[in-house]
Amino acid sequence: MSGPAGPNTKVERMSRGRWLRLIGWRHLIAILFVIWALFPVFYVITLAFSGGNTLTAACPPEKTGLAALTCFFPSTISLNNFETLLTSDQWPFMIWIRNTVLIATINSFVALLMGAAAAFAFSRLRFTGRRPGLLTLMLVQMFPGVLAITAIYTLLTDIKDVFPFFGIGSVGGLALVYLGGALGVNTFLMKGYFDTIPVDIDESARIDGASTVRIFFTLVMRLSLPILIVVYFVSFQALFNELPIAQVVLPDAQNTTVAVGLNGLVANPLVQQWGLMAAGGVMAAIPLVIVFLITQRSLVTGLTSGSVKG
Amino acid sequence: MATVELENINKLYDNGFHAVKDLSIEVQDGEFLVLVGPSGCGKSTALRMVAGLEDISNGELRIGGRRVNETEPQGRDIAMVFQSYALYPHLSVADNIGYGLKLRKVPKDEMKARINRAAEMLELTHLLDRRPKQLSGGQRQRVAMGRAIVRDPKVFLMDEPLSNLDAKLRVQMRSEISSVVRSLNTTTMYVTHDQTEAMTMGDRMAVMKAGELQQLGTPGECYDTPRNIFVAQFVGSPPMNLVLAKVVEGPTGLGLQVAGEVLSLPDAVVAERPSLRTFVDRDVALGVRSEDMEDGSLSSAPSDRRIKGQVALTEALGSQVVVHFTFPGRPVVTEDTKLVAKETGAAEQISLRPDRGVKWVASFAPRSKVKMGDEIEIGVDLERAHLFDPETSEAIRG
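Keep in mind that this is a model prediction, so the values were computed, not measured. Counting restarts for each chain: residues are numbered from 1 in the order of the written sequence. Following the order in which they are written, the chains are lettered starting with A and the ligands numbered starting with 1. For this predicted model, a pLDDT threshold of at least 70 governs which residues receive local features, and a threshold of 80 or more governs which side-chain atom pairs are given and counted, while totals over whole chains, interfaces and linings are taken from all residues. Excluding hydrogens and water, the side-chain figures rest on all heavy atoms present in the structure.

1. A closer look at the environment of Val262 of chain B
Residue and element names in this part refer to chain B. Short version of the rule: Helix and strand labels come from DSSP, where a helix needs a run of H or I of at least four residues and a strand needs a run of E of at least two; each type is numbered from the N terminus. The contact criterion used throughout is that any non-hydrogen atoms of two residues lie within 4.5 Å.
Within the secondary structure layout, Val262 lies in strand 13 (residues 261–264). Separated by 43 residues in the primary sequence, Val262 and Arg305 have C-alpha atoms spaced 8.2 Å apart. Among residues more than four places away in sequence, those in contact with Val262 are Val248, Gly255, Leu256, Gln257 and Asp304.

Here it is as structure tokens:
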């Protein structure tokens, strides 16, 4: 009569040295890299809550050497920086956030629709110029948008005479410019995904009586939801952080985007408001984090789809 | 229910590929017609043109007497079952079946009743809430069928619906589809590359090769009176045995010289084919079905209707013994025989004794005691012999 486990069944434990050699060093390297990557984030957050303008300035001069490292942990926690930024008339942070969220939300959505429509055409329809069209789209995408800044400026100045809403210095104008922005990459990404949806499904739906519009919206778009969400998030994030074009179109600090506004805080070498910028950066991260939390599940499936069958 | 008429239908692709050539078929009301042929013969293209998924380059297509060349698929009142089933992965089985009805704005109650009726017919009732992903291959196949029958269309189109199933399930679904379609009495066009499916399911079969219709007839007609070497070899398993034979004028009438011996042709065979006289001293292709041969020791065939061969392989199947034997004849090698060999996989088999001439397959009665390596005589039922012109590959008739 023996028990479920024989008397000699023993789980052998790995010796510490062996563990370090086989597994441990990977952990060490990973930890090192995490610290490396997160340090700026940590720096910005502590700076924002320190209430001061720079961490080094707040550091007492008697602390030198390794002791100075403790300055990364502020001795006092204060919301001064946040308060200044939210209440000052000089820097209307809430307007910046409103503009940015508005542009990022709506533009990403419209760009998604346009990109998906183009991707559907490239994936499903056969027409003259399909291949050259796809190549041109990719090629044009290679040039950074900054190259077009002069043209954008001139165009928007002229447009302002006719449609002030879309002219230079208006949020509408910036939105208009952004619409053309990431179309190429989005279209490519989505076309690749659409191609994995069997055409049989389209054909079956057509025989069942569905129109092309219905097939596009209720079948292809529905079945490629993961990639749509990826594209939406990526484009939301890119628009949120865009600086050079926004700086040209909306140079006025009273009506601009978060990126331009925060940049303006430190642009003048004589008056650099690092503390305010850090506080603004922390607050500006909130909408991005929210969008990320909503989309994260699809982000994982969307980005890895295709790598594994099924 | 309706007739489907294809009149000189052609499909020419932009790159110049002529996929379907002058195809004319009339499918009767309620008929089950099978389009069969090796891969790339244009059968699927033809079906897709009937469905409206592919433009017709020229020719006329009529469904129920109405020209539908320019009509969109949804206007043709057809339903199609795809090889991949093409189910909507995000919809439940019930919604999959009801999709077409929903788009046609059928009232909710009626829709539900029709979905339930179709589900009952296909034994899907307990699966209606599931997603396609949760179903087995056979069940998915039945959902695809359900989606077709629920609409009560004029015509069913099926594009290799059983190809994705394993062999056992395929046999089962074959009879299931047959019985469902026949109980509905709806005109059906069914595409397959499997001649067994074509033989067992179709009222008539249309054998195609390289975009051209080779023969249109009942399975029996195609099997018993093949129009040419291609149909003879493609229809039936194993393929018809062929050998080159010289037509000779003997004292008792016409005969066929095979491997140095003369087989005398029955009078009836000659009488049916007056033009055979023009082949005297020339070669014809002699075709014999495996079941038209018998072990010489059991056969009553006279000595001038026997051939001598060596057994290469025997397969005892219980009800019959399949005997592969070789004899020193000249093989018939044409484009058609190569195509069929490729299709049946015979081309990949290594010929063990190429010097042995041709290899035939005969099915003997189970009493036969032949063994591998035996030198045997095989009685050939020449009354049922098939004769073809090796130049044109056409059957010699009339």
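2. Thoughts on the packing of aromatic side chains
Heads up, the rule is: Aromatic rings from Phe, Tyr and Trp, taking only the six-membered ring of Trp, are treated as a pair when their centres fall within 6.5 Å; an angle between ring planes under 30 degrees marks them as stacked, one over 60 as edge-to-face, and anything in between as tilted. When the NZ atom of lysine or the CZ atom of arginine is within 6 Å of a ring's centre and also within 35 degrees of its normal, the charge is said to sit over that ring.
Applying the stated criterion across every chain, the model contains 18 aromatic pairs over all chains. Members of the aromatic cluster, each reached through a chain of ring pairs, are Phe39, Phe42 and Tyr43 of chain A. Between Arg289 of chain B and the ring centre of Tyr223 of chain B, over which it is positioned, the NZ or CZ distance is 3.9 Å.

3. Thoughts on the environment of Ala284 of chain A
All names here are of chain A. Along the chain, Ala284 falls in helix 14 (residues 274–304). With 44 residues separating them along the chain, Ala284 and Phe240 place their C-alpha atoms 9.0 Å apart. Sequence-distant contacts of Ala284, that is, excluding residues within four places in its chain, are made with Phe93, Ile97, Phe240 and Val258.

4. Description of the pairing of strand 16 (residues 306–316) of chain B
Residues and elements named next belong to chain B. Note the cut-off: Whether two strands pair comes down to DSSP finding at least two bridges between them.
Of the pairings in the sheet, the one linking strand 16 to strand 19 (residues 375–380) comprises five bridges and is antiparallel in character. Within strand 19, the residue paired with Ile307 across the bridge is Ile378. Note: strand 16 against strand 17 (residues 321–327), six bridges, orientation antiparallel. Paired with Leu313 across the bridge in strand 17 is His324. The turn joining strand 16 and strand 17, which pair antiparallel and follow one another in sequence, is formed by four residues; a positive phi near 90° is taken by Gly318.

5. Considerations on the domain arrangement of chain B
Interfaces are often sized by the amount of accessible area the parts lose when they come together. Residue and element names in this part refer to chain B. Stated precisely, the cut-off is as follows: For the purposes of this description, domain bounds are those given by an automatic or database domain assignment. Accessible area, probed at 1.4 Å, shrinks when two parts are joined; the buried area is that loss added up over both. Any carboxyl oxygen of Asp or Glu that lies within 4 Å of a side-chain nitrogen of Lys or Arg is treated as forming a salt bridge with it. Distance and chemistry together define a polar contact, namely a pair of N or O atoms within 3.5 Å, with one atom able to donate a hydrogen and the other to accept it when in protein, and with adjacent residues in sequence counting only for side-chain atoms on both sides. Each residue gets one of three labels, nonpolar for Ala, Val, Leu, Ile, Met, Phe, Trp, Tyr, Cys and Pro, charged for Asp, Glu, Lys and Arg, and polar for the others, Gly among them.
As far as domains go, chain B holds domain 1 (4–226) and domain 2 (241–388). Here the C-alpha centre of domain 2 lies 39 Å away from the C-alpha centre of domain 1. Of the roughly 670 Å² buried at the junction of domain 1 and domain 2 (both faces included), carbon and sulfur atoms supply 47%. Joining domain 1 to domain 2, the criterion identifies two salt bridges. Arg384 is the partner of Asp224 in a salt bridge, and the nearest nitrogen-oxygen pair spans 3.8 Å. Here domain 1 is connected to domain 2 by three residue pairs in polar contact (both at pLDDT 80 or more). Looking at side-chain class alone, the side of domain 1 that touches domain 2 contains four nonpolar, two polar and two charged residues.

6. Here's the deal with the interface of chain B and chain A
Facing the 23 residues of chain B at the interface are 15 residues of chain A. Taking both sides of the interface into account, the surface hidden between chain B and chain A amounts to around 1,700 Å²; carbon and sulfur atoms contribute 56%. Joining chain B to chain A, the criterion identifies three salt bridges. Here Arg206 of chain A makes a salt bridge to Glu72 of chain B, at a shortest N to O gap of 3.9 Å. One can count eight residue pairs in polar contact (both at pLDDT 80 or more) joining chain B with chain A. Taken together, the residues of the side of chain B that touches chain A break down into 13 nonpolar, five polar and five charged.

7. Describing the sheet that holds strand 7 (residues 155–159) of chain B
Whenever strands of a sheet pair, they do so through backbone hydrogen bonds, lying parallel or antiparallel. Residues and elements named next belong to chain B. To keep it simple, the criterion reads: Axis lines are fitted through C-alpha atoms, for helices just across the contact stretch, and the angle between N-to-C directions can take any value from 0 to 180 degrees.
Overall, mixed pairing links the six strands, which are arranged 6-7-8-3-9-10 in an open sheet. Because the sheet does not close on itself, it has two edges, and the strands there are strand 6 (78–81) and strand 10 (212–217). Pairs of neighbouring strands in the sheet enclose a mean axial angle of 15°, with direction left out of account. The sheet contact formed by strand 3 (residues 32–36) and strand 8 (residues 187–192) spans five bridges and is parallel. Bridge pairing links Val34 to Tyr190 in strand 8. In the packing of helix 4 (residues 137–149) onto the sheet, the strands contacted are strand 6 and strand 7, and the crossing angle to strand 6 comes to about 175°.

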